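If you want the building blocks of each chain, they are given just below.
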Amino acid sequence: ASVSSDVPLVIYGAGIYGHFILSCLKQPERVTHFLDQNVYLHGTRIGDAEVIHPDKLTSERAAILVGLNPRNARRIIEGIPALNADGRELLFLS
């Protein structure tokens, strides 16, 4: 709800947490991509959103909803340079 309606949504994590986030959204159609480092998931789809590697994300304006175990999420995301670019809006589960 805190993300402007004109900002694309991207979910990091194509597993259980990512699916959970998608299921909780009032407008799941706003999700343009899922990001995941698992090469076996790249090119697959979850609903209308393609799963891509974080380095392939082109929209600098996208808000990234982090679908990882909250205990480890911040540490994992800190290790992914493409997600720590200036201006990236990261939203974590708590």
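Computed from a prediction, not measured in an experiment: that's the story for all the values here.

## Thoughts on the pattern of salt bridges
Part 1 of the reasoning: Inspection of the entire model under this criterion finds one salt bridge.
Part 2 of the reasoning: Note that Arg61 is salt-bridged to Asp6, the shortest N-O span being 3.2 Å. You can see Arg61 sitting in the loop between β4 (49–52) and β5 (63–66) and its partner Asp6 sitting in the segment before β1 (9–12), a full 55 residues away along the chain.

## Comments concerning the side chain of Arg88
Part 1 of the reasoning: Within the fold, Arg88 resides in the loop between α2 (73–78) and β6 (89–92).
Part 2 of the reasoning: Within the local environment of Arg88, its side chain forms a polar contact with the backbone oxygen of Ala82, the two atoms lying 3.3 Å apart.
Part 3 of the reasoning: Sequence-distant contacts of Arg88, defined by excluding residues within four places in its chain, comprise Leu57, Ser59, Glu60, Ile64, Ala82 and Leu83.

## Here's the deal with the packing of aromatic side chains
Part 1 of the reasoning: Counted by the stated rule, this structure contains zero aromatic pairs.
Part 2 of the reasoning: For Arg74, the ring lying beneath its charged end belongs to Phe92, and the centroid distance is 4.0 Å.

## Focus: the sheet that holds strand β3 (residues 45–46)
Part 1 of the reasoning: Read across the sheet, six strands follow the order β3-β4-β2-β1-β5-β6 without closing on themselves; strand pairing throughout is mixed. Among the strands making up the open sheet, the edge pair consists of β3 and β6.
Part 2 of the reasoning: As paired strands, β1 and β5 are joined by four bridges and run parallel to one another. Its bridge partner lying in β5, Leu9 is registered against Ala63.

## Structural notes on the nonpolar core
Part 1 of the reasoning: Counting 14 residues, the largest nonpolar core has Leu9, Ile11, Leu22, Val31, Phe34 and Ile46 as the members making the most contacts within it.
Part 2 of the reasoning: Mapped onto this core, the elements with two or more residues apiece are β1, α1 (16–24), β2 (31–35), β4 and β5.
Part 3 of the reasoning: Those residues in contact with Val31, other than ones at most four positions away along the chain, are Leu9, Ile11, Leu22, Leu25 and Ala49.

## Focus on the pairing of β4
Part 1 of the reasoning: The pairing of β2 with β4 spans three bridges and is classified as parallel. Counterpart to Phe34 in the pairing with β4 is Val51.
Part 2 of the reasoning: Across two bridges, the pairing between β3 and β4 is antiparallel. Residue pairing for β4: Ile46 is matched across the bridge by Ala49.
Part 3 of the reasoning: Adjacent in sequence and paired antiparallel, β3 and β4 are bridged by two residues, among which Gly47 carries a positive phi angle near 65°.

Criteria and thresholds
- Residue numbers here run from 1 along each chain, matching the order of that chain's written sequence.
- Reporting in this predicted model follows two pLDDT cut-offs: at least 70 for local features of residues, and 80 or more for side-chain atom pairs to be given and counted; totals over whole chains, interfaces and linings ignore these cut-offs and use all residues.
- By convention in this description, side-chain values take in all heavy atoms of the structure and omit both hydrogens and water.
- Definition used for salt bridges: Asp or Glu carboxyl oxygen within 4 Å of a side-chain nitrogen of Lys or Arg.
- Here a strand is any run of E in DSSP of at least two residues, a helix any run of H or I of at least four, and the numbering for each starts at the N terminus.
- Here a polar contact means two N or O atoms within 3.5 Å. Within protein one must be a hydrogen donor candidate and the other an acceptor candidate, and residues neighboring in sequence count only if both atoms are side-chain atoms.
- Residues count as neighbours in contact if any of their non-hydrogen atoms are within 4.5 Å of one another.
- Each Phe, Tyr or Trp ring, with Trp reduced to its six-membered ring, pairs with another whose centre is within 6.5 Å; inter-plane angles below 30 degrees give stacked pairs, above 60 give edge-to-face pairs, and intermediate values give tilted ones.
- Consider the ring centre and the ring normal. A charge sits over the ring if Lys NZ or Arg CZ is within 6 Å of that centre and within 35 degrees of that normal.
- Strand pairing is assigned whenever DSSP identifies at least 2 bridges connecting the two strands.
- Note on terminology: a nonpolar core comprises buried Ala, Val, Leu, Ile, Met, Phe, Trp, Tyr and Cys residues joined through side-chain atoms within 4.5 Å.
- Burial classes: relative accessible area under 20% of the type maximum marks a residue as buried, over 50% as exposed, and values in between as partly exposed (1.4 Å probe, protein chains only).

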